[in-house]
Each structure stands twice: as C-alpha cells, then as structure tokens.
Amino acid sequence: MRILVTGGAGFIGSHLCERLLGEGHDVLCLDNFFTGAKRNIDHLLDHHGFELIRHDIIEPILLEVDRIYNLACPASPVHYQYNPVKTTKTSVMGTINMLGLAKRVRARILQASTSEVYGDPEVHPQTEAYWGNVNPIGLRSCYDEGKRVAETLMMDYHRQNGVDIRIVRIFNTYGPRMAVNDGRVVSNFVVQALRNDDLTVYGAGEQTRSFCFIDDLVEGLVRMMECDGFIGPVNLGNPVETPIIEFARRIVELTGSRSEIVYRPLPADDPKQRQPDISLARQKLGWEPRVPLEEGLRRTIADFAARLSAGRS
Ligand SMILES: NC(=O)c1ccc[n+]([C@@H]2O[C@H](COP(=O)([O-])OP(=O)(O)OC[C@H]3O[C@@H](n4cnc5c(N)ncnc54)[C@H](O)[C@@H]3O)[C@@H](O)[C@H]2O)c1
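Residues numbered from 1 in each chain as written. Predicted model: local features only at pLDDT ≥ 70, side-chain atom pairs only at ≥ 80, totals over all residues. Heavy atoms only, no water.

Chemist: I'd love a proper account of the sheet that holds strand S4 (residues 67–70), names of residues and values included.
Modeler: Strand order across the open sheet formed by seven strands is S3-S2-S1-S4-S5-S6-S11, with parallel pairing between neighbours. Strands with a single pairing partner mark the edges of an open sheet, and in this sheet they are strand S3 (50–54) and strand S11 (234–236). Shown here is a sheet whose adjacent strand axes are inclined to one another by a mean of 20 degrees, direction ignored. Both S4 and strand S5 (residues 108–114) contribute to a ladder of four bridges, which runs parallel. What sits directly across from Asn 70, in S5, is Gln 111. Contacts from helix H4 (residues 141–161) reach S5 and strand S6 (165–170) within the one sheet, and its direction differs from that of S5 by about 155 degrees. In the packing of helix H6 (residues 214–225) onto the sheet, contacts are made with S4, S5, S6 and S11, and the angle to S6 comes to roughly 160 degrees. (Pairing = 2+ DSSP bridges. Helix = DSSP H or I, 4+ residues; strand = E, 2+ residues; numbered from the N terminus. Axes fitted to C-alpha atoms, helices over the stretch in contact; angles between N-to-C directions. Contact = heavy atoms within 4.5 Å.)

What follows is the structure in structure tokens.
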C-alpha cells in the first residue's frame, strides 16, 4: 500500500514509518519540522519505498494514497503552547484537510487523538465511554480541545460522507527519539539523571502516570488501522500505573546517577491520575503492551545517553 504518515519525522511518526517500510509498504512521510527532525528519519532516506514531503497540514495537499495516519501535531505542552493558535489550527484545519484528502482518494484515515480528551478525569480508569472533564479556556485547551474537535470531525466525515475512519486515544508514550527538550516527565528525568542534576518532582509526586513503550504503541496503531468493522475510539496505553515519585527513583537507579530528588509546586491543570482502561483494545485488537517499564527505560536511557554525549538534542 501507499501510506501517508503526517508528522512522520516526529517521535511516534518516525517509528511508525520504519515499521511500515519494514512491512513492504511505500511510505510518504509528511512533516513541517516544527518538532520533528531530519535525524529521526535519516536512516530511512535511502530506502526505495520512502518519500519525504515538507508540508504543513493546515494547507491542503493532494496525494494518491491508500492509508493516512494523521499524527501531525506538537504533543508536549512546551511545544503546543509555543503558538497555541497554530496548535488548534493544526488539529482543526489540518484534520479537515486530511479528511478531505481521505474522502477524495477513498483512503482509510487514522487520527492520533489523546488521553488529554479526558482532561482531569473524574472517572478512573478512563474508558472510551467517558466524555471527559476538560477546561475549555486554559493553557492546555488548544491541544485538548483541538484534539476533541478533530475527533468530532472524524465522526462527522464518517457519518456524513462515509469516510473510512479510525480513532485512537494515545496515552503517555516514551522511547528512543523523544525530544530531549519536550519538558515531559520521561525526558526531564532521564536528562536530569544523566547529567547528575536534581530530578524535579511536581507536588509530592503522588500523581500517577502510565507509560507505554513506543514499540507497543506502534503495534496498536497498525492493528487499529487494519482492523475491519471497528472505528473506535480506542484507548492505547499502558494500564500499569506508576506514581511519579517512584518513577523518579527508578530512573536514578537505572542511570546509576548521583542526582537528588527535589519538589516544586504543581502546575495548573495538571491531571492527578491518568490510567487507560484498555479492555476494548484487548477485545477488538487483541492488543496489550508487552514491553516492561524497566526494559523500555533501559532502551530509552541508552538512546538519550548517546544523543547527549554527541551533543545532539
Ligand atoms: N507522545 C505521546 O505520548 C502522545 C500521547 C498522546 C497523543 N500523541 C499524539 O501523537 C502524535 C505524534 O506525537 P509525538 O509524540 O510523535 O510528537 P512529535 O512532536 O514528536 O511529532 C509531531 C510531528 O508533527 C509535526 N507537525 C506538527 N505540526 C505540523 C503541521 N501543522 N504540519 C505538518 N507537520 C506538523 C512535527 O514537526 C512533528 O514531526 C501527535 O498527534 C500527538 O498529539 C502523542
């Protein structure tokens, strides 16, 4: 198949491109390089099935493709809050453009949505039936509400125009090639530990997060895209919940760091708990995460260590 991956030069996108090429597909990687980087896909450039397109999805584009993975969107608060209006445009106008393309060339389209559509959840763990508790006017709203509208657009193009859609709600994912400067907990802790700097924990560190290793996530994305008769939304994430403080201690241990753990006030709108209910993914896709946190962290730490020692971000 000819497969378009928007945001293909980003963290998740680059791993997905690699996987799809490995399966023998032709891959069109489209990216505006806002948070993505050429070095993420350097190793794919010589592959005969790989094409790179520098383009911004808020502008329309016409391509002949069979599948569209719509991943383009900055994913971490530092990046999506840099230009919040642009973030909303990417989710809204970008998704409209990709849905228009899917409609025109009759491609199947998968939207990368997020656990952030649940906001600060009052239901725990979150099932796909939960509508969420999202602040519409906060600093995170450009991302959260943008992704919620993207889901709405997907459903309406499906109902109104019969577009073949898939929606996945991705929970925290980590692994090699995550941006060193994305300000999220995994990269923060790993970088701080590798530099023997203090590890910054917000609040008392009792808030929990679940972390899914990138290979598991990519497996879930591909299964969902190729699953017949099920459009989602479906949660993809790791249900194993870890308090942030415990996570910090694990990273210090695995890096053999001399870092201390220090505490800072909780930022606004920071969710207290986040855990996916993945019953639906198990049932419909036969999917669940397989890579244990320790193994995933070792592989992530090795990649960060190599990049930091080479002076790359
Ligand atoms: N990483 C996670 O834990 C996570 C969790 C939930 C959802 N997601 C979603 O998965 C997708 C990929 O996330 P990621 O972690 O790989 O982030 P990332 O920032 O590494 O990748 C996003 C990519 O999209 C590109 N991009 C951004 N705006 C664009 C635009 N207007 N036009 C074209 N390209 C554009 C960026 O340059 C980058 O390469 C995003 O849609 C994100 O919202 C990620």
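From this point, the narrative continues.
Chemist: Residue-level account of the state of the cysteines, with values.
Modeler: One pass over the full model with this rule turns up zero disulfides. Cysteine Cys 17 remains unbridged, with the sulfur of Cys 29 as its closest cysteine sulfur at 4.3 Å. Here Cys 17 falls in the buried class, since its relative accessible area comes to 0%. A disulfide-free cysteine, Cys 212 has its sulfur positioned 18 Å from the sulfur of Cys 227, the nearest such atom. (Disulfide = S-S within 2.5 Å. Buried < 20%, exposed > 50% of the residue type's maximum accessible area, 1.4 Å probe, protein only.)

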